[in-house]
Amino acid sequence: MKNPTHCSRRRGFQAERGGVGQSMAVPQDSNETPYLLPPNSKDWEEQSIPDFVYGQKELILEGIQWPRTAPSLLDRIARSRFDSVLCSAWRQRMELGLFRYCLGKLQTQTLPGPVGFVAQLNVERGVQRRRPQNIQSVKQAFDPEQFNFNKIRPGEVLFRLLREPDLPGAVQQEDIYVMINVSPLEWGHVLLVPAPTRGLPQRLLPAALQAGIEAVLLSSHPGFRVGFNSLGGLASVNHLHLHGYYLAHRLPVEGAPSEPLDPGGHLHLLQALPAPGFLFYTSGPGPDLEALVGRVCRATDYLTDHEIAHNLFVTRGAPPGKTSPSSALTGVRVILWARKSNFGVKEGDAFNVALCELAGHLPIKTSQDFGTLTEAAALALIQDCLLPPAQAEEIQATLVDLIAKDEQ
């Protein structure tokens, strides 16, 4: 693996302005010190991984909104403890050269058109990211001989994410390791990896999804999102993990309208472009969130068992129904897309279709494509990855039936 030259502190701050605003350029105070690496790299392996323990009071349910005017007003958002710790530890790893490349301010544009695609030029990720593993099945078993997150370098793990006992729940908890993605999409790009030593394959589990949703609720930034790619849905490592990252832009899926699919109103169809998806919604932690986790994982279990690739995206968003792109972020949206299986990367395409692209965030590989990509071309690439209508309707009917049985 290439070890890039260390990023300068100045470059790190530029990255923060490009990703989550100057509010994330935080001083390294005493509360953050346990999450930082010692100056001598020889000591990294011996340093124990710190725990980030959170309780009910730190889950932010209300008041997180996009600024009505300039995005620069994001700088005034008060950072949560989670944001402060994650960003300071992430920035230090960037400055120490633990990533494959230094992430500066990314060129960003909103493509003209009704969808509102957010396109970003990220050439280095396209060139330097690890080659995807040889995957042949959505339910392929974990292979300890392949690259996995037990083989990462010392210092790549930021902390363990742990819930306090005051967060009751029936979902069995796992130690969630939060580690850097060495080929970042954006500022603060991390991986949430449950119990790495268990060698879990890339199949969504309730504890992992619940941790991902609660990570979104721990952030005071409206643009911190979490997602999951199945095998065949462009997951490049067959070791259970979710992605989390900051993006200082609204995305189409936050306020896209939807229609209910089941009598109980637990499953909705997201109708708007860029791609129809299944929408689950919760207003916050507690029994409602746990029930949502169960429904989503029953749906992903069905898709996995039937060799149907899928992507999932977790974001703050509007409740289901007749909403608009500017609707208030009153809860958490979990969007699930069933799609065609793709077990490799299409090198010639402007972007690869996975969790963030289906949500409207397009990391572009080349300057030429960034300068010429249109909304119509982006939609064509995405829709080429969707299932034929007859198969999509069959899956929809099955998931509606699963949810209905669950409520009986």
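What counts, and where the lines are drawn
- Within each chain, residues carry numbers counting from 1 in the order of the written sequence.
- Totals for whole chains, interfaces and linings use all residues, but because this is a predicted model, local features are given only for residues with pLDDT of at least 70 and pairs of side-chain atoms are given and counted only at 80 or more.
- In computing side-chain values, all of the structure's heavy atoms are included and hydrogens and water are not.
- Each reported salt bridge corresponds to a side-chain nitrogen of Lys or Arg within 4 Å of a carboxyl oxygen of Asp or Glu.
- With a 1.4 Å probe rolled over the protein chains alone, any residue whose accessible area is under 20% of its type maximum counts as buried; one over 50% counts as exposed, and the rest are partly exposed.
- The secondary structure listing takes helices from DSSP runs of H or I that are at least 4 residues long and strands from runs of E that are at least 2 residues long, numbered from the N terminus.
- A helix is expected to span 1.5 Å multiplied by its residue count minus one.
- Here the arc refers to the set of directions running from the helix axis out to each C-beta atom.
- By the convention used here, residues are in contact when the closest approach between their heavy atoms is within 4.5 Å.
- Think of it this way: a Phe, Tyr or Trp ring, Trp meaning its six-membered ring, pairs with another when their centres are within 6.5 Å, and the plane angle makes it stacked under 30 degrees, edge-to-face over 60, tilted otherwise.
- Only when the NZ of Lys or the CZ of Arg is both within 6 Å of the ring centre and within 35 degrees of the ring normal is a charge said to sit over the ring.
- Here pLDDT means the predictor's own confidence in every residue, given as a number from 0 to 100.
- We treat two strands as partners when DSSP finds at least two bridges between them.
- Interaxial angle, 0 to 180 degrees, is taken between N-to-C directions of lines fitted to C-alpha atoms, where a helix line uses only the stretch in contact.

Q: Would you explain the pattern of salt bridges in this entry?
A: Should their charged atoms come close, side chains of opposite charge can pair. Following the criterion strictly, the structure yields nine salt bridges and no others. In this structure, the salt-bridge partner of R250 is E254, at a minimum N-O distance of 3.9 Å. Classification of R250 as partly exposed rests on a relative accessible area of 30%. Note that D401 and K405 form a salt bridge whose closest N and O atoms lie 3.4 Å from each other. Of this pair, D401 and K405 both sit in helix α9 (residues 389–407), four residues apart, roughly one helical turn. Taken together, the shared-partner salt bridges in this structure form one network comprising R203, D301 and D305.

Q: Looking at this structure, how should I read the environment of R131?
A: Relative to the assigned elements, R131 resides in the loop between α3 (123–128) and β4 (157–163). Taking relative accessible area as the criterion, R131 reaches 55% and is therefore assigned exposed. Between the C-alpha atom of R131 and that of V237, which follows or precedes it by 106 residues, the distance is 9.3 Å.

Q: Sorry, what's going on with α9 here?
A: In this model, α9 (19 residues) spans 27 Å end to end at C-alpha, consistent with the 27 Å of a helix rising 1.5 Å per residue. Taken residue by residue, α9 has I395, L399, V400 and I403 as its buried positions. Projected down its long axis, α9 carries its buried residues within an arc of 140°, all on one side. Every exposed residue of α9 that faces more than 90 degrees away from the buried side is listed here: A390, E393, E394 and K405. On its buried face, α9 is in contact with β11 (277–282), α5 (287–305) and β13 (331–339).

Q: What am I meant to see in the environment of F149 here?
A: As for its placement among the helices and strands, F149 is situated in the loop between α3 and β4. Between the C-alpha atoms of F149 and H239, which are 90 residues apart in sequence, the distance is 7.1 Å.

Q: I would appreciate a short explanation of the environment of T372 in the present structure.
A: Tracing the chain through its elements places T372 in helix α7 (residues 367–372). When the C-alpha positions of T372 and A350 are compared, they lie 9.9 Å apart, and in sequence the two are 22 residues distant.

Q: Could you clarify how one ought to interpret helix α8 (residues 375–383) in this entry?
A: Residues three or four positions apart in an α-helix share a direction because the helix packs 3.6 residues into each turn. All of the buried residues along α8 are E375, A378, L379 and I382. Buried positions in α8, seen along its axis, are confined to an arc of 100° and lie on one side of it. Turning to α8, the residues buried within the fold contact α6 (355–359) and β14 (361–364).

Q: Hey, could you run me through the packing of aromatic side chains in this one?
A: Ring pairs (aromatic) are described by centroid distance and by the angle formed between their planes. For the coordinates displayed, the defined rule picks out ten aromatic pairs. With centroids separated by 5.9 Å and ring planes inclined at 85°, the aromatic side chains of Y35 and F159 adopt a geometry described as edge-to-face. Taken together, the residues Y35 in the loop between α1 (9–19) and β1 (51–54) and F159 in strand β4 connect sequence positions 124 residues apart. The pair formed by Y35 and F159 is uniform in burial state, with each residue classed as buried. Judged by relative accessible area, which is 0%, F159 ranks as buried. Ring-pair connections join several aromatic residues into one group, and the members of that group are Y35, F52, F82, F159, F224 and Y246. Taking NZ or CZ as reference, R81 lies 4.0 Å from the ring centre of F52, over its face.

Q: Whenever I open this one, the confidence of the model for the protein chain confuses me. Can you help?
A: As a note on interpretation, predicted positions should not be read in detail where pLDDT is low. Within the protein chain, residue pLDDT values average 88, and 87% of them lie at 70 or more. Contacts for the low-pLDDT stretch residues 1–5, under 50 throughout, to residues beyond four places or in other chains number ten contacts. Segment residues 8–30 is flagged for pLDDT under 50; beyond a separation of four residues in sequence, or across chains, it makes 52 contacts in the model.

Q: What should I look at first to understand the pairing of strand β12 (residues 309–317) in this one?
A: Burial runs high along β12: nine of the nine residues are buried. With burial as the criterion, each face of β12 is covered, one bearing A309, N311, F313, T315 and G317 and the other bearing H310, L312, V314 and R316. As paired elements, strand β7 (residues 224–229) and β12 share four bridges and run antiparallel to each other. Looking across to β12, one finds that N229 is bridged to N311. Bridging between β12 and β13 involves nine bridges; their strand directions are antiparallel. Note on β13: the bridge partner recorded for T315 is R333.

Q: Looking at this structure, how should I read the sheet that holds strand β8 (residues 242–246)?
A: The strands making up a sheet associate through backbone hydrogen bonding, with each pair oriented either parallel or antiparallel. What the eleven strands build is an open sheet, ordered β1-β4-β5-β6-β8-β7-β12-β13-β11-β10-β9; its pairing is mixed. Where the open sheet ends on each side, the last strands, each with one partner, are β1 and β9 (258–260). Put simply, the sheet's adjacent strands are angled 25° from each other on average, direction ignored. Across five bridges, β11 lies against β13 in antiparallel orientation. Each residue of the ladder has a partner; that of Y281, found in β13, is R333. Along the sheet face, helix α2 (residues 81–95) touches β1, β4, β5 (176–180), β6 (190–194), β7 and β8 and points at about 160° away from the line of β4.

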